Amino acid sequence: METVVLIVGAGPAGLATSVCLNQHSIPNVILEKEDIYASLWKKRAYDRLKLHLAKNFCQLPYMPHGPDVPTFMSKDLFIKYLDAYVTHFDINPRYNRTVKFSTFEVSNDKWRVEAENNVTGETEVYWSDFLVVATGENGDGNIPARHVLTKEEVYVGMSLLKYCSVTMVDALVMMMASTRLFMYGDLSKYGLFRPKQGPFATKLFTGKAPVIDVGTIKKILEGEIQVINGGIRSIQGKTLTFENGLKQDFDAIVFATGYKSSVCNWLKNYEYMMKEDGFPKKPMPKHWKGEKNLYCAGFSRKGIAGAAQDAMYVAEDIRSILATTKY
Ligand SMILES: Cc1cc2nc3c(=O)[nH]c(=O)nc-3n(C[C@H](O)[C@H](O)[C@H](O)COP(=O)(O)OP(=O)(O)OC[C@H]3O[C@@H](n4cnc5c(N)ncnc54)[C@H](O)[C@@H]3O)c2cc1C
């Protein structure tokens, strides 16, 4: 199959990119490995999740949230918003297509993308003039060192970032967090060490977000949640062996150690745009554009707001190229 723009991933970033391209009447196809759009939200998010960021930071192009929507939306409300977005703009991703391989063919100046059809097991080949990577910042597992903030503290920080430097915002937010954490005392015995770099600088420069505390710290201090410090040496069936030799059985083992980008696993010419960690080479605000008509949306480390902005920039850039070249 051949198209002008191929988008890999039907999360908020991929959907927004398709909508923005459609506004310019640019043909595009989305390939999604799951059987549904926004799979992270529909399949991989816990039930009681409320969005960590305020609603004005969580909307996609051409469809703002209404005034009746609460500042911190529930996951279900956000999914309803995405459902309305997909229906209103009539977006139809090709589901059950896992992109396994993609490379730029110099012979015809096109991207060649191989996707496995998860239903038939067949490999499908797609050709496009432009390729947009929208597979998310959270593809593979990771072990993070993180700040712990409440969502209100994140909201204050994000609002202030418009007016103050990241250093000032970090100092203020860390002071707020310290006042709150002061009540808790020293948390390092639970393995919770506060990094030297402030939470917003860490987010900006490394992409690592602070942990949002919705009551976990209190439960740890009260002993309701027990923290066992130190690494895990091995897991055999239900038995976990820790680095210190301690063995313990568990009914269920949940890996909750964070995620990292998985782009380099399937994008063979990632060097046109990405570093080895699967994040853009170029600093913001031009991070979304690579070489050879390669783009990305959703890698700005600014959540849904960043994805929405990327989508608009990518579509506008492709529109301007199409307006002035052979395509
Ligand atoms: C618990 C939680 C809470 C969050 N809260 C907020 C919040 O309040 N505000 C905010 O702005 N952000 C929040 N985020 C971040 C959020 O994940 C992103 O903002 C948003 O989902 C990013 O959209 P995306 O389209 O870039 O990536 P994703 O939502 O990860 O979508 C990527 C899509 O690509 C597909 N894909 C991946 N690899 C392939 C492949 N090889 N082939 C085909 N398809 C592929 C995936 O199946 C997925 O559907 C939260 C994240 C989590 C986990």
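Fair warning: this is a prediction, and the values are worked out from it, not measured in the lab. (Residues numbered from 1 in each chain as written. Predicted model: local features only at pLDDT ≥ 70, side-chain atom pairs only at ≥ 80, totals over all residues. Heavy atoms only, no water.)

Participant: I tried to follow the domain arrangement of the protein chain on my own but got confused; where do I start?
Facilitator: When the parts of a complex come together, some accessible area is lost, and that lost area is often taken as the interface size. For the protein chain, the domain assignment lists domain 1 (2-140 + 259-324), domain 2 (143-222) and domain 3 (227-257). A straight line from the C-alpha centre of domain 2 to that of domain 3 covers 27 Å. (Domains from an automatic or database assignment.)

Participant: I'm lost on the side chain of Ser128 in this one. Help?
Facilitator: If you trace the backbone, Ser128 turns up in strand β5 (residues 123-133). On the basis of relative accessible area, Ser128 is assigned to the buried category, the value being 0%. Separated by 2.9 Å, the side chain of Ser128 and the backbone oxygen of Phe130 make a polar contact. Apart from residues no more than four positions distant in its own chain, Ser128 is found in contact with Thr3, Val4, Val5, Leu6, Lys110 and Trp111. (Helix = DSSP H or I, 4+ residues; strand = E, 2+ residues; numbered from the N terminus. Buried < 20%, exposed > 50% of the residue type's maximum accessible area, 1.4 Å probe, protein only. Polar contact = N/O pair within 3.5 Å; in protein donor to acceptor, adjacent residues only side chain to side chain. Contact = heavy atoms within 4.5 Å.)

Participant: Looking at this model, I keep getting lost on the site of the ligand. Mind explaining?
Facilitator: Surrounding the ligand, one finds 30 residues, the nearest of these being Ala13, Glu32, Ser39, His52 and Ile304. Here Trp41 contributes a side-chain N or O atom positioned 2.9 Å from an oxygen atom of the ligand. In this structure, His52 approaches the ligand through a main-chain N or O atom, which is 2.6 Å from an oxygen atom. Protein coverage of the free-state accessible area of the ligand, which is 980 Å², stands at 88%. (Near = heavy atom within 4 Å. Areas by Shrake-Rupley, 256 points an atom, 1.4 Å probe, with all protein chains shown as cover.)

Participant: What is the right way to read the side chain of Asp129 from this model?
Facilitator: Mapped onto the elements, Asp129 comes out in strand β5. A residue is classified by how much of its surface remains accessible, and Asp129, at 9% relative accessible area, is buried. Here Lys110 takes part through its side chain, which lies 2.7 Å from a polar atom of the side chain of Asp129.

Participant: Help me understand the packing of aromatic side chains, please; the structure alone is not making it clear to me.
Facilitator: The relative placement of two aromatic rings is captured by the distance of their centres and the angle of their planes. Enumeration according to the criterion identifies 12 aromatic pairs in this entry. Grouping aromatic residues by their ring pairs yields a cluster made of Trp41, Phe78, Tyr81, Tyr85 and Phe89. Taking the ring centre of Phe279 as reference, the NZ or CZ of Arg301 above it sits at 4.2 Å. (Phe/Tyr/Trp six-rings, centres within 6.5 Å; stacked < 30°, edge-to-face > 60°. Lys NZ or Arg CZ within 6 Å of the ring centre and 35° of its normal.)

Participant: I'm lost on unusual backbone geometry in this one. Help?
Facilitator: Both trends apply: most residues other than glycine have a negative phi, and most peptide bonds are in trans. In the segment running from Met284 into Pro285, the intervening peptide bond is cis, with an omega of 10 degrees. Within the secondary structure, Pro285 is located in the loop between α8 (263-266) and β13 (294-296). The backbone of Tyr62 shows a phi angle near 70 degrees, a positive value even though the residue is not glycine. Checked against the element boundaries, Tyr62 lands in the loop between α2 (39-43) and α3 (75-89). Phi is positive for Lys292, close to 55 degrees, though the residue is something other than glycine. Mapped onto the fold, Lys292 is located in the loop between α8 and β13. For Lys292, a relative accessible area of 39% gives the class partly exposed.

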